[in-house]
Amino acid sequence: MLLKIFYKDADYITLNISSPNTPGLRELQQKYNLEKLIKNIFLFKRKYSLDIPIFIKIDPDLTDKSLKDIADITLSSNIESVIISNTSIRRSKELKNKNFSEKGGISGKPILKISNEILKKFYIFTNGKIPLIGVGGVSSGKDAYEKIINGASLVQLYTSLVYNSPFIIKKIKEELAFLLKKNNYNSINS
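Here the structure is a predicted model, which means the values were calculated and not measured.

Parameters and conventions
- Residues numbered from 1 in each chain as written.
- Predicted model: local features only at pLDDT ≥ 70, side-chain atom pairs only at ≥ 80, totals over all residues.
- Heavy atoms only, no water.
- Salt bridge = Lys/Arg side-chain N within 4 Å of Asp/Glu carboxyl O.
- Helix = DSSP H or I, 4+ residues; strand = E, 2+ residues; numbered from the N terminus.
- Buried < 20%, exposed > 50% of the residue type's maximum accessible area, 1.4 Å probe, protein only.
- Axes fitted to C-alpha atoms, helices over the stretch in contact; angles between N-to-C directions.
- Parallel < 35°, antiparallel > 145°, perpendicular 65-115°, else oblique.
- Left-handed = near helix turned anticlockwise from the far one by under 90°.
- Contact = heavy atoms within 4.5 Å.
- Nonpolar A, V, L, I, M, F, W, Y, C, P; charged D, E, K, R; others polar.
- Core = buried A, V, L, I, M, F, W, Y, C linked by side-chain atoms within 4.5 Å.
- Lys, Arg positive; Asp, Glu negative; His and termini not counted.
- Polar contact = N/O pair within 3.5 Å; in protein donor to acceptor, adjacent residues only side chain to side chain.
- Pairing = 2+ DSSP bridges.
- Right-handed = clockwise from strand over helix to strand, strands pointing away.

**Q** Run through the pattern of salt bridges, naming residues and quoting values.
**A** All chains considered together, the criterion is met by nine salt bridges. Put simply, Lys65 and Asp69 hold a salt bridge, and the shortest N to O gap is 3.1 Å. You can see Lys65 and its partner Asp69 sitting in helix H3 (residues 64–75), four residues apart, about one turn around the helix. Residue classification places Asp69 among the buried positions, given a relative accessible area of 14%. Note that Glu175 is salt-bridged to Lys171, the shortest N-O span being 3.6 Å. Residue Glu175 and its partner Lys171 are located together in helix H7 (residues 168–182), separated by four residues, close to a single helical turn.

**Q** Describe in detail unusual backbone geometry, supporting the description with residues and values.
**A** Ser85 follows Ile84 through a cis peptide bond whose omega is 20°. Along the polypeptide, Ser85 turns up in the loop between strand E3 (81–84) and helix H4 (112–125). In this model, Ser49 sits at a positive phi of 50°, which is unusual for a non-glycine residue. Following the sequence through the fold, Ser49 ends up in the loop between helix H2 (31–47) and strand E2 (54–58).

**Q** So, the packing of H2 against H3: which residues are in play, and what are the values?
**A** Relative to each other, H2 and H3 sit at 20°, their axes nearing to 10 Å. Considering their axes alone, H2 and H3 lie roughly parallel with respect to each other. For the pair H2 and H3, the crossing hand works out as right-handed. Contact residues: Lys31, Leu34, Glu35 and Ile38 in H2; Asp69, Ile70 and Ile73 in H3. Classifying every residue of the contact of H2 with H3 gives four nonpolar, no polar and three charged.

**Q** An account of the nonpolar core is needed here, citing residue identities and associated values.
**A** The biggest cluster of nonpolar side chains holds 29 residues, and the ones touching the most others in it are Leu3, Ile54, Ile58, Val82, Ile84 and Phe122. In terms of residues, this core owes the most to one element, H2, which gives five residues. Other than its neighbours up to four places away in sequence, Ile58 contacts Ser18, Gln29, Leu67, Ile70, Val82, Ile83, Ile84, Ser85, Asn86, Ile118 and Phe122.

**Q** Describe the packing of H4 against helix H5 (residues 141–149), with residues and values.
**A** The geometry of H4 relative to H5 is characterised by a closest axis approach of 9 Å and an angle of 25° between their N-to-C directions. The angle between the axes of H4 and H5 places the two elements in the roughly parallel class. Between H4 and H5, the residues in contact are Leu112, Ser115, Asn116 and Leu119 and Asp143, Glu146 and Lys147, respectively.

**Q** Report on the side chain of Lys147, specifying residues and quantitative values.
**A** Looking at where Lys147 falls in the secondary structure, it is placed in helix H5. For the buried Lys147, no salt bridge is present, and the opposite-charge side chain at shortest range is Glu146, 7.1 Å distant. One polar contact links the side chain of Lys147 to the main-chain carbonyl oxygen of Gly136, over a distance of 3.0 Å. Once you skip the residues sitting within four places of it in the chain, Lys147 turns out to touch Leu112, Ser115, Asn116, Leu119, Gly134, Val135, Gly136, Val138, Ala152 and Val155.

**Q** Any details on the pairing of E3? Residues and values, ideally.
**A** Burial along E3 is two-sided: Ser81 and Ile83 facing one way and Val82 and Ile84 facing the other are all buried. Sheet topology places E2 next to E3; four bridges connect them, and they run parallel. Looking at the pairing, Lys57 lines up with Ile83 of E3. Remark: the E2/H3/E3 crossover connection has right-handed handedness. Relative to strand E4 (residues 132–135), E3 runs parallel, the two sharing three bridges. Looking across to E4, one finds that Ile84 is bridged to Gly134.

So this is what it looks like as C-alpha cells:
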C-alpha cells in the first residue's frame, strides 16, 4: 500500500475519493464503501504503527444525504480533516469555453459557489468539529474570506496558481488581511 511508502515523507495523506477523471473512484464516497475504506486504512496504520494524519477529499457534486453520511463517518472515525472540494462535473450555462462539453472536472471560478455551499453544509453537519480545508475557485482574498466564513480552517488553491503564478498568494494574503481588518477581526481565528 502506498501509505507505507510515503508516510515518512508527508505531513499528511489525503484519500482523494473524489476525482471525476478516474472511473468509479467517486463510488468510494458511498456510505458502505467509505466506511470499509476508512476501516481498512486505519487497520493498516495500526498494523504498521504508522503515525500520520489521514484526510479525505470530497467532491462538490454530492447530494445532501451523501454529504451527511460522509460527515457522520468522518465524525465517528479518526479522519483528521476533510478537503472540500475537488473538481465538479456540473456544467453551468455561464461557461463560454469551446471545451465546455469535454469530460472531466471543472475547476476554478466556475466551482466557487458550489464548493462554498458544500463547505458550509459540511461544517453544519459536523458542528465545526472537523477541520475543513476549503478549495475551489480561490483567486482573491475575497474568495479565501468566503471559504473561511463558510467553515474552512485552511484554504487551498490550485487553478489560480496555474493561471496567475505563485505571486497570486501575496495578493490573496493582502486582500484577506484587509477584509479581516475591515470586518473587525484580529485574525482568522477570532
